Amino acid sequence: MQLRCTYCQTMFALGRDDMLAALEHMEENKLIYHDAHCPKCRKANRVERARMERSFPDWKTAIKTMAKEASRVEIETGKQVADSTVEKSTPNRKPAAKKVKKHSVKKNLAETKKK
Ligand SMILES: [Zn+2]
């Protein structure tokens, strides 16, 4: 959506992602305004939530789609984590080594008994 800075009259655009983030933030914090910062003078321009919703009516659907994509990424990352766990647990052939050690200890004990 196009905005005009009330301080320096600069026209600047609020992108879909910007609006989505702003709307989500307003929803979470129960706000009715979004402070859009002017790229030129950096001053905050209040944009009414209703006005933003009018220019982006399907923002809730867009957020849901984004959340889906995020969870899909999480699942994929989770898979990677699981794979690395498997890899880490693979060299678990220590029980065999322990047995050898125990045996050798027993052997040593037997040898000391002999003495
Ligand atoms: Zn400005």
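You'll find the structure just up there.
What you see is a predicted model, and the numbers here were worked out from it, not measured in a lab.

Draft legend 1. Focus on the overall build of the protein. Looking only at helices and strands, the protein has four helices and four strands in total. Its helices and strands taken in sequence order, the protein reads β-β-α-β-β-α-α-α from the N to the C terminus. Evaluated residue by residue, the protein yields a buried proportion of 5% over its 115 residues. Sequence separation of at least 24 residues holds for 53% of the intrachain contacts in the protein that already meet a minimum separation of 6.

Draft legend 2. Looking closely at the environment of Ala-44. For Ala-44, the location among the structural elements is in strand β4 (residues 44-48). Owing to 14 C-beta atoms within 10 Å, Ala-44 belongs among the partly exposed residues under this scheme. Each C-alpha atom, one on Ala-44 and one on Thr-6, is 9.1 Å from the other, the two residues being 38 residues apart in sequence. Residues in contact with Ala-44, not counting those within four places in the same chain, are Asp-35 and His-37.

Draft legend 3. Broad picture of the pairing of β4. Two strands pair when backbone bridges link them, and strand β3 (residues 33-37) and β4 are joined in this way by five bridges, in the antiparallel orientation. Bridge pairing in β4 links Tyr-33 to Glu-48. The antiparallel pairing of β3 with β4 creates a hairpin that spans six residues between the two strands, and Arg-42 there sits at a positive phi of about 65°.

Draft legend 4. Layout of unusual backbone geometry. The phi torsion at Gln-9 lies on the positive side, around 65°, for a residue other than glycine. Relative to the helices and strands, Gln-9 is located in the loop between β1 (2-4) and β2 (11-13). By the C-beta count within 10 Å, which is 10 here, Gln-9 ends up exposed. Positioned with a positive phi, Arg-42 is a non-glycine residue whose angle comes to about 65°.

Draft legend 5. Region of the structure containing helix α1 (residues 16-29). End to end, α1 covers 20 Å across 14 residues, agreeing with the expected 20 Å (1.5 Å per residue, within 8%). Restricting attention to buried positions, one finds in α1 the residues Met-19, Ala-22 and Leu-23. The buried residues of α1 occupy an angular sector of 100° when the element is viewed end-on, so they sit on one face. Counted as exposed and oriented over 90 degrees from the buried face of α1: Asp-17, His-25, Glu-28 and Asn-29.

Thresholds applied
- Here, residues in each chain are numbered from 1, in the same order as that chain's written sequence.
- In keeping with the predicted nature of the model, local features appear solely for residues at pLDDT of at least 70, side-chain atom pairs appear and are counted solely at 80 or more, and the whole-chain, interface and lining totals rest on all residues.
- Runs of H or I in DSSP of at least four residues are treated as helices and runs of E of at least two as strands, each being numbered from the N terminus.
- The burial criterion counts other C-beta atoms lying within 10 Å of a residue's C-beta, which is placed from the backbone; the residue is buried at 20 or more, exposed at 12 or fewer, and partly exposed between these limits.
- Distance between backbone-placed C-beta atoms decides contact: two residues are in contact if it is within 7 Å.
- Think of it this way: DSSP has to see at least two bridges between two strands before they count as a pair.
- In this scheme, a helix's expected span is set at 1.5 Å multiplied by one less than its residue total.
- What the arc covers is the set of directions going from the helix axis to the C-beta atoms.

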